[in-house]
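Chain residues, written in single-letter form:
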Amino acid sequence: MSLKSIREALKQGNLLFQKLSVVSANAQSNVNQYSLPDWQYFIATSLLWRQALNGNITGKRVLIPTSVGGLSAATILEGMLGVALTLRGAQVRFLLCDGVLPACLQVHAGKVKQTNVITDYKLKSQICPGCIARGDAAYKPTGLPISYYSDFINETEREGLRDLASGIPLTEIRAYQQDGVALGEHAFAGTLRFFACGHLPETGEAENVLRRYFEAALITNLVMGMVLAEHAPEVALFHHGIYVPQGIIGEVCRKRGVRVVNWQVGYRKKCFIFSHRETYHHTLISEPTSNWEDISWNEHLDAETTSYLKSRWHGSNDWIWFHEQPKHEAEAITKETGIDFSKPTITLLTNVFWDAQLHFKANAFGDMLDWLLKTIEYFKHRPDLQLAIRIHPAEVRGAIPSRQPLVAEVERVFPELPPNVYLIPPESQVSTYVLCENSDSVIIFGTKTGV
């Protein structure tokens with residue numbers, strides 16, 4: 001495989017990633033081949049690839065447990081990583097779910113018309129065929145080995161796990177662990193993602209969905225234990241690292257001493273975050289300052305960094321942004337909100353309530369809403385200060401719009417806001433950056449604006 005061919009493959013991959021917003025996986029059994037790299041074109045006639053594929057490879061054993069083959073962002077990049085690592089001597093194996101899981105991150109309430117797709121075990125007939133076909137179409141042309149969930153679990157085992165998921169008291173699911181693996185936490189987070197809510201809806205339907213995600217977590221735990229025992233990978237490389245099944249995969253690998261590398265699409269164009277040992281949700285907090293505090297700074301780095309930070313105001317250098325026409329004038333913000341920036345102003349930035357509801361050791365509040373409401377209550381007694389609450393625009397503009405809007409949650413507790421508290425809704429075009437720049441302090445719970 002020539003260097004030119006590799007560059008062409010990477011170029012095609014970059015172009016395809018930019019099309020992911022319109023080329024998404026669906027439940028149909030047919031596969032849109034245009035959205036996947038044409039590996040036959042790039043490697044079928046390559047002597048270098050055949051040598052790498054069939055040669056005496058002694059490099060590290062790398063498991064790429066994509067699992068959800070219909071997730072385009074994952075299959076495209078992880079296919080490219082599989083090929084790239086193989087060319088460098090690694091022994092790569094993919095892992096895909098083939099309709100074994102009753103619930104996963106391929107679906108959410110905005111994608112399926114009725115939740116009985118989950119609760120009545122209809123995922124296998126309505127969603128899985130397209131997902132399985134897409135995963136096979138992405139990986140089989142590479143010629144690299146693929147394992148499937150059904151290779152490692154039988155029907156008797158599945159029935160036992162189904163009984164466990166159905167019989168356990170609802171109140172015990174979230175904290176449930178097996179051998180130190182937090183199965184319940186990821187099942188609960190996956191269910192919140194499914195409903196796009198920060199709290200589990202108080203309905204029998206929501207309870208049944210949670211039990212399906214918990215069952216899926218139990219299955220993933222068993223399957224991953226068998227996969228690691230049979231193939232003994234040294235490294236597991238996969239996306240995101242939370243929810244079901246990815247969160248369970250990471251937990252099991254870490255418990256078994258398998259090095260975990262999680263990746264996530266970065267905001268900046270053509271950039272990705274690769275986190276070692278933990279998902280980036282944790283490594284962005286735990287990263288040692290020694291990684292960057294002694295960087296040799298110079299005018300070029302300063303100009304490049306400042307230029308990029310300024311571009312964030314418009315999203316011009318990003319492939320993830322949330323404003324089409326942001327308001328960058330402080331006067332316009334004052335006119336829309338009533339905030340008087342000549343007075344002491346504290347800005348509060350929310351994050352999307354349902355997103356990444358994981359346990360962090362330093363949590364001082366029950367959840368973000370608890371923090372938000374207690375903060376408003378505090379400022380109610382501080383008339384000398386202004387509190388500007390900026391609701392995250394991704395509540396309405398994100399890939400999965402929130403179904404538990406924070407404005408409604410605030411209004412439920414505070415029908416009338418204190419006169420010194422200003423609530424900026426997610427659909428507002430107010431620039432968060434200008435709002436922060438004109439504030440004396442900014443407080444956050446978990447939003448990446450802090451980074």
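Here we summarise the structure given alongside this text. (Residues numbered from 1 in each chain as written. Predicted model: local features only at pLDDT ≥ 70, side-chain atom pairs only at ≥ 80, totals over all residues. Heavy atoms only, no water.)

### Remarks on the pairing of strand E7 (residues 345-349)
Most of E7 is tucked away, with 5 of its 5 residues classed as buried. Where burial is concerned, the two faces of E7 agree: the one with Thr 345, Thr 347 and Leu 349 and the one with Ile 346 and Leu 348 are both buried. As judged from the 5 bridges shared by E7 and strand E8 (residues 386-390), these two strands associate in the parallel manner. Each residue of the ladder has a partner; that of Thr 347, found in E8, is Ala 388. Both E7 and strand E10 (residues 441-444) contribute to a ladder of 4 bridges, which runs parallel. Looking at the pairing, Leu 348 lines up with Ile 443 of E10. (Buried < 20%, exposed > 50% of the residue type's maximum accessible area, 1.4 Å probe, protein only. Helix = DSSP H or I, 4+ residues; strand = E, 2+ residues; numbered from the N terminus. Pairing = 2+ DSSP bridges.)

### Some remarks on the nonpolar core
Proteins that are soluble and globular tend to have nonpolar side chains buried together. Counting residues in hydrophobic clusters, the biggest one holds 65 residues, and the most contacted among them are Phe 194 and Phe 214. Secondary-structure elements contributing two or more residues to this core are helix H5 (116-119), helix H7 (128-139), helix H8 (155-167), helix H10 (183-195), helix H11 (204-231), strand E4 (235-239) and helix H12 (246-255). Of all the elements, H11 adds the most residues to this core, at 13 residues. Judged by nonpolar contacts, the second largest core, of 29 residues, contains Ile 64, Met 80, Phe 94 and Val 265. (Core = buried A, V, L, I, M, F, W, Y, C linked by side-chain atoms within 4.5 Å.)

### Quick notes on H10
Because each turn of an α-helix spans 3.6 residues, side chains separated by three or four positions end up pointing in the same direction. The first and last C-alpha atoms of H10 sit 19 Å apart over 13 residues, in line with the 18 Å expected at 1.5 Å per residue. For H10, the buried fraction is high: 13 of the 13 residues fall into the buried class. One or two positions beyond H10, positive phi appears at Ala 196, with a value near 55°. (Expected span 1.5 Å × (residues − 1).)

### Focus: the sheet that holds E7
Taken in spatial order, the 4 strands make up an open sheet running E9-E8-E7-E10, and their pairing is parallel. The open sheet has two edge strands with one neighbour each: strand E9 (421-424) and E10. If you compare each strand with its neighbour and ignore which way they point, the axes differ by 20° on average. (Axes fitted to C-alpha atoms, helices over the stretch in contact; angles between N-to-C directions.)

### Things to note about the packing of helix H3 (residues 47-54) against helix H4 (residues 72-87)
Orientation of H3 relative to H4, taken along the N-to-C sense of each, is 80°, at an axis distance of 9 Å. Viewed along their axes, H3 and H4 adopt a mutual orientation that is roughly perpendicular. Of H4, the residues touching H3 (which contributes Leu 48, Trp 49 and Ala 52) are Val 83, Thr 86 and Leu 87. Its residues placed into classes, the contact of H3 with H4 shows 5 nonpolar, 1 polar and no charged. (Parallel < 35°, antiparallel > 145°, perpendicular 65-115°, else oblique. Contact = heavy atoms within 4.5 Å. Nonpolar A, V, L, I, M, F, W, Y, C, P; charged D, E, K, R; others polar.)

### Let's talk about the packing of aromatic side chains
If you walk through the whole model with that rule in mind, you get 10 aromatic pairs. On the numbers, 5.6 Å between centres and 35° between planes, the contact of Trp 371 with Phe 445 is tilted. Pair noted here: Trp 371 is in helix H16 (residues 368-380) and Phe 445 is in the segment after E10, with a separation of 74 residues, a long-range link. With a relative accessible area of 30%, Phe 445 lands in the partly exposed category. Connected via pairs of aromatic rings, a cluster forms that spans Trp 39, Tyr 41 and Phe 42. One Lys or Arg, Arg 162, reaches over the ring of Tyr 121 and ends 5.0 Å from the middle of that ring. Cation over ring: Arg 268 sits above Tyr 308, and NZ or CZ is 4.6 Å from the ring centre. (Phe/Tyr/Trp six-rings, centres within 6.5 Å; stacked < 30°, edge-to-face > 60°. Lys NZ or Arg CZ within 6 Å of the ring centre and 35° of its normal.)

### What about the sheet that holds E4?
Hydrogen bonds between backbone atoms are what pair the strands of a sheet, whose relative direction is either parallel or antiparallel. The strand order E3-E2-E1-E4-E5-E6 describes an open sheet built from 6 strands, whose pairing is mixed. Every other strand in the sheet has two partners, leaving strand E3 (146-148) and strand E6 (272-276) as the edge strands with one partner each. Taking the axes of each pair of neighbouring strands and ignoring which way they run, one obtains an average angle of 25° across the sheet. The sheet contact formed by strand E5 (residues 259-265) and E6 spans 5 bridges and is antiparallel. Looking across to E6, one finds that Val 265 is bridged to Phe 272. Against the sheet, H7 touches strand E1 (61-67), strand E2 (91-96) and E3, its axis set at about 165° to E2.

### Focus: unusual backbone geometry
A cis amide bond, omega 10°, links Val 244 with the succeeding residue Pro 245. Inspection of the secondary structure puts Pro 245 in the loop between E4 and H12. At Ala 232, a position not held by glycine, the phi torsion is positive, near 45°. Following the sequence through the fold, Ala 232 ends up in the loop between H11 and E4. Of note, the phi angle at Arg 277 is positive, near 80°, even though the residue is not glycine. Examined against the element boundaries, Arg 277 turns out to sit in the loop between E6 and helix H13 (280-286).

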